[in-house]
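Here are the chains, one letter per residue:
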Amino acid sequence: MWLGRADDYAEFAGARAGHLYRSACLLTAGDTHLAEDLVQETLGRLYVHWGRVSRAENPAAYAQTVLTRTFLAHRRRRSSGERAMDVFPDLPGAADGDAPLRLTLLAALARLPAKDRAVIVLRYWEDRSVEQTADVLHVSSAAVRTRCSRALGRLRELLGEDLAEYASP
């Protein structure tokens, strides 16, 4: 019986790891090493509770929720000895043509507070509703709408005219 559940978990983890990694890269504003750590910790937590997770209505959404909460918990306990860098490493699989755009967007995301970044990633990368985002972050729907509005405004300020040069004619 346990072997079958382990196989189910391995199949799920293999199928979702790439998506979780891309989401983690956005949450961490391009810190690929931290993204890998977050995905590893997320998959470890899912493994421990796989019996319950596999019975969930949407295990993929459950995994994304665990990733987001793991990221926010990491941000709360981050050592003061760590420092953010303004230069991002090349992201694996990034198309050469849009590398400057990706770096510009990641730099802007990095300047947002962690919770604002989480709201933006959940709403626009994960395409979650306001209510789903509120559930993941344990806040009200109104708080998500307010945070989202302010975060988008901040991104517009940060990006200014920078994005115009990358837009295709």
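Structure shown above.
Residues numbered from 1 in each chain as written. Predicted model: local features only at pLDDT ≥ 70, side-chain atom pairs only at ≥ 80, totals over all residues. Heavy atoms only, no water.

Draft legend 1. The overall build of the chain, seen in detail. Regarding its fold elements, the chain presents eight helices and zero strands. Element order for the chain, N to C, with α for helix and β for strand: α-α-α-α-α-α-α-α. Here the chain holds 169 residues, and 39% of them are scored as buried. In the chain, of all internal contacts separated by at least 6 residues, the share reaching a separation of at least 24 is 68%. About 10200 Å² of surface is accessible on the chain, with carbon and sulfur atoms providing 52% of the total. (Helix = DSSP H or I, 4+ residues; strand = E, 2+ residues; numbered from the N terminus. Buried < 20%, exposed > 50% of the residue type's maximum accessible area, 1.4 Å probe, protein only. Contact = heavy atoms within 4.5 Å. Areas by Shrake-Rupley, 256 points an atom, 1.4 Å probe, with all protein chains shown as cover.)

Draft legend 2. Layout of the nonpolar core. The biggest cluster of nonpolar side chains holds 43 residues, and the ones touching the most others in it are Val 39, Leu 43, Leu 46, Leu 67, Leu 109, Ile 120 and Leu 137. For this core, the secondary-structure elements that each account for two or more residues are helix H1 (2-27), helix H2 (32-48), helix H3 (50-53), helix H4 (59-77), helix H5 (99-110), helix H6 (114-125), helix H7 (130-137) and helix H8 (141-159). Tallying contributions element by element places H1 first for this core, with nine residues. With sequence-adjacent residues up to four places away left out, Leu 137 is seen in contact with Thr 68, Leu 72, Ala 118, Val 119 and Leu 122. (Core = buried A, V, L, I, M, F, W, Y, C linked by side-chain atoms within 4.5 Å.)

Draft legend 3. How the structure looks around the side chain of Thr 28. Here Thr 28 is to be found in the loop between H1 and H2. Accessibility expressed as a relative area gives 9% for Thr 28, which makes it buried. Of the polar contacts made by the side chain of Thr 28, one reaches the backbone oxygen of Asp 31; its length is 3.2 Å. Not counting residues within four places of it along the chain, the set of residues in contact with Thr 28 comprises Leu 34, Ala 35, Leu 38, Phe 71 and Arg 117. (Polar contact = N/O pair within 3.5 Å; in protein donor to acceptor, adjacent residues only side chain to side chain.)

Draft legend 4. Highlighting H2. Between its first and last C-alpha atoms H2 spans 24 Å; for 17 residues at 1.5 Å apiece the expected length is 24 Å, and the two agree. Looking only at H2, the buried set comprises Thr 32, Leu 34, Ala 35, Leu 38, Val 39, Thr 42, Leu 43 and Leu 46. (Expected span 1.5 Å × (residues − 1).)

Draft legend 5. Looking closely at the pattern of salt bridges. Taken as a whole, this structure holds three salt bridges when the rule is applied. A salt bridge links Arg 45 to Glu 41, with the nearest nitrogen and oxygen atoms 2.6 Å apart. Note that Arg 45 and Glu 41 are positioned in helix H2 at a spacing of four residues, about one turn of the helix. A salt bridge links Asp 116 to Arg 147, with the nearest nitrogen and oxygen atoms 2.6 Å apart. With Asp 116 in helix H6 and Arg 147 in helix H8, this pair connects stretches of sequence that are 31 residues apart. Using a relative accessible area of 11% as the deciding quantity, one classes Asp 116 as buried. Look at Arg 147 and you get partly exposed, because its relative accessible area is 32%. (Salt bridge = Lys/Arg side-chain N within 4 Å of Asp/Glu carboxyl O.)

Draft legend 6. Spotlight on the packing of H6 against H8. Two elements in contact, H6 and H8, have axes separated by 9 Å at closest approach and are oriented at 100°. When the axes of H6 and H8 are compared, the pair comes out roughly perpendicular. Contact residues: H6 offers Lys 115, Asp 116, Val 119, Ile 120, Arg 123 and Tyr 124, while H8 offers Val 144, Arg 147, Cys 148, Ala 151, Leu 152 and Leu 155. For the contact of H6 with H8, the class distribution of residues is eight nonpolar, no polar and four charged. (Axes fitted to C-alpha atoms, helices over the stretch in contact; angles between N-to-C directions. Parallel < 35°, antiparallel > 145°, perpendicular 65-115°, else oblique. Nonpolar A, V, L, I, M, F, W, Y, C, P; charged D, E, K, R; others polar.)

Draft legend 7. Looking closely at the environment of Asp 116. Put simply, Asp 116 and Val 144 are 28 residues apart on the chain and 9.0 Å apart in space, counted from C-alpha to C-alpha. Beyond its immediate stretch of four places on either side in the chain, Asp 116 contacts Arg 147 and Ala 151.

Draft legend 8. The arrangement of H8 in detail. In this model, H8 (19 residues) spans 27 Å end to end at C-alpha, consistent with the 27 Å of a helix rising 1.5 Å per residue. Here H8 has its buried residues at Val 144, Cys 148, Ala 151, Leu 155, Leu 158 and Leu 159. One side of H8 holds all its buried residues, which, seen down the axis, span an arc of 95°. Summarising the geometry of H8, the exposed residues directed more than 90 degrees from the buried face are Ser 149, Arg 150, Arg 156 and Glu 157. Those residues of H8 that are buried lie in contact with H5, H6 and H7. One or two residues past the end of H8 sits Gly 160, with phi positive at roughly 45°. (Arc of directions from axis to C-beta.)

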